[in-house]
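# Observations on chain architecture
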Amino acid sequence: MSALQAELVRLIRAEGPLSVSSYMALCLGHPAHGYYMTRDPFGAQGDFTTSPEISQMFGELLGVWAAQLWQAMGAPSAIRLVELGPGRGTLMADMLRAARVLPGFREALSVHLVEMSPVLRDIQAQTLAGQAQPLWHERIEDALDGPVIVIANEFLDALPLDQFVMTAQGWRERLVGLDDAGGLRFGLGGSDPGLALAAPLGSVFEQPRAALECVAALARHVAAAGGAALLIDYGAAQSGFGDTLQAVKRHGFVAPLNSPGEADLTVHVDFARMGEIALRSGAAVHGPAPQGAFLLALGLAERAQALASRATPAQAQTIIAGRDRLTAPGSTGMGELFKVLALAHKDLPALPGFDLHRLPEQA
Ligand code: SAH
């Protein structure tokens, strides 16, 4: 039994079953045993790989995207570049290198990182040494001040959500309790959570409160102070019912209650709801666009070609494989499952990569 599992069992015995959001929050962020608090989970040796870890082109294209956005904002002399959940710092490092293409942009930037993990903060500091002197923040609100460009790749999927199941007695909350042997198991809460939603029996409704609050805070800020936020994650463009909680360890799926604190625990992002709350919070919404279409519109194919033409055959193969993995459709590629959503100040023109994707309400 992992140290965290023992603690969860004690907690449930003392205080009763946990909501799914409490379970997720403890698994990922428990100060001593939380998944992100204790390790570097990325790459071939770790549990999973993200886009910036697959190819430097991902961050470079986002760096150029940010530079174009800064220009469209009227090239303010001071602007915060904020990253939520920066992982190893690879995306920020690649963005900053590419940001130098536009004179004045790099000088206008200050770098702000929202990161809860002390282990990852150390790695981010090492990755960015000599390139930036980032300031770290615990909370998103503290990172936002004045005009901003916010980037978040695979951050919203780590924010805890609650789940509700449609039963013969109506909606009941899905909870984490104990089985007879003292292990963790899913069960149902008794009370009616007051959800006025029709759905077939067995449907699961997910309530991503933390992600919605995050998006609302970003939207209110860019609407008031200027700038934009770019959110990239896996999930659906349309809302629907379903249990999307998943645990990943050593590049494979495991049962979500199986290894608390030892596996990454994530959910799919409901981009329709994120877009709606951003609109209601006063921002213009661009997308969601599929990641593949977005990166190709930013010039991924041309960038890959240019890099490959100057590389050794082995390097060229890696570059082309990276391009393909980031853009491939289907369940194995990241081109369609991953979506890109931007929230921006209303006065900004169509943002690069999004020309064809606007919500109908704004047309
Ligand atoms: N963006 C990176 C890492 C994604 S993993 C990449 O693409 O490679 C999720 C990141 O978010 C990790 O850095 C994790 O420590 C951080 N994180 C997760 N939940 C958080 C929270 N509630 N507050 C701050 N950081 C969080």
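Structure: see above.
Notes on the structure follow. (Residues numbered from 1 in each chain as written. Predicted model: local features only at pLDDT ≥ 70, side-chain atom pairs only at ≥ 80, totals over all residues. Heavy atoms only, no water.)

## Quick word on the overall build of the protein
Secondary structure assignment for the protein yields 13 helices and 16 strands. At 21 Å, the protein has a C-alpha radius of gyration in line with the 21 Å of a compact globule built from 363 residues. Seen through its C-alpha atoms, the protein measures out along the principal axes to roughly 65 × 45 × 40 Å. Of all 363 residues assigned to the protein, the portion counted as buried reaches 55%. Sequence separation of at least 24 residues holds for 75% of the intrachain contacts in the protein that already meet a minimum separation of 6. Here the protein displays about 15500 Å² of accessible surface, and carbon together with sulfur accounts for 54% of that area. Positive and negative side-chain charges of the protein, numbering 26 and 36 respectively, have mean locations separated by a distance of 2 Å. (Helix = DSSP H or I, 4+ residues; strand = E, 2+ residues; numbered from the N terminus. Rg over C-alpha atoms; globule rule 2.2 N^0.38 Å. Buried < 20%, exposed > 50% of the residue type's maximum accessible area, 1.4 Å probe, protein only. Contact = heavy atoms within 4.5 Å. Areas by Shrake-Rupley, 256 points an atom, 1.4 Å probe, with all protein chains shown as cover. Lys, Arg positive; Asp, Glu negative; His and termini not counted. Charge placed at Lys NZ, Arg CZ, Asp CG, Glu CD.)

## Description of the sheet that holds strand E11 (residues 246-249)
As summarised here, the arrangement of the three strands in space is E12-E11-E13, forming an open sheet in which the pairing is antiparallel. Strand pairing shows two members of the sheet lacking a second neighbour, strand E12 (252-254) and strand E13 (264-266), which therefore form its edges. For this sheet, the mean inter-axis angle between neighbouring strands, taken without regard to orientation, is 40°. Two elements, E11 and E12, share three bridges in a ladder whose sense is antiparallel. (Pairing = 2+ DSSP bridges. Axes fitted to C-alpha atoms, helices over the stretch in contact; angles between N-to-C directions.)

## Quick notes on the site of the ligand
In the vicinity of the ligand, 18 residues are found, and the nearest of them are Thr50, Gly85, Gly87, Glu115 and Asn153. Contacts to the ligand include glycine 85, whose backbone N or O atom sits 2.7 Å from a nitrogen atom. The separation between a nitrogen atom of the ligand and a polar main-chain atom of methionine 116 is 3.3 Å. In isolation the ligand has 560 Å² of accessible area, and contact with the protein removes 92% of it. (Near = heavy atom within 4 Å. Polar contact = N/O pair within 3.5 Å; in protein donor to acceptor, adjacent residues only side chain to side chain.)

## With respect to the nonpolar core
Membership of the largest hydrophobic core comes to 49 residues, with the highest contact counts inside it found for Leu62, Trp65, Ile149, Leu230 and Phe294. The element best represented in this core is helix H4 (residues 56-72), accounting for nine residues. Discounting residues that sit within four places of it in the chain, phenylalanine 294 has contacts with Leu62, Trp65, Leu230, Ala289, Val340, Pro352, Gly353 and Phe354. Grouped together as the second largest cluster of nonpolar side chains are 31 residues, Val222, Ala283, Val285 and Leu343 included. (Core = buried A, V, L, I, M, F, W, Y, C linked by side-chain atoms within 4.5 Å.)

## Considering the pairing of strand E8 (residues 184-188)
The pairing of strand E7 (residues 170-178) with E8 spans five bridges and is antiparallel. Looking across to E8, one finds that arginine 174 is bridged to leucine 188. Here E7 folds back onto E8 in antiparallel fashion, the turn holding five residues, of which glycine 182 has a positive phi close to 85°.

## A few points about the packing of aromatic side chains
Counted under the stated rule, the structure contains eight aromatic pairs. Relative to phenylalanine 354, the ring of phenylalanine 294 lies with its centre 5.0 Å away and its plane at 50°, an arrangement referred to as tilted. Here the residue phenylalanine 294 occupies a position in helix H11 (residues 291-297), and phenylalanine 354 occupies one in the segment after strand E16 (338-344), the gap between them amounting to 60 residues. Here phenylalanine 294 falls in the buried class, since its relative accessible area comes to 0%. Among the aromatic residues, ring-to-ring pairing joins Trp171, Phe205 and Phe241 into one connected group. Note that arginine 174 overlies the ring of phenylalanine 186, its terminal NZ or CZ placed 3.6 Å from the centroid. (Phe/Tyr/Trp six-rings, centres within 6.5 Å; stacked < 30°, edge-to-face > 60°. Lys NZ or Arg CZ within 6 Å of the ring centre and 35° of its normal.)

## Comments concerning the pattern of salt bridges
Side chains that differ in charge, positive against negative, can pair when their charged atoms come close. Per the counting criterion, the structure on display carries 11 salt bridges. What emerges from the salt-bridge pattern is a single network uniting Glu60, Asp94, Arg97 and Arg303. (Salt bridge = Lys/Arg side-chain N within 4 Å of Asp/Glu carboxyl O.)

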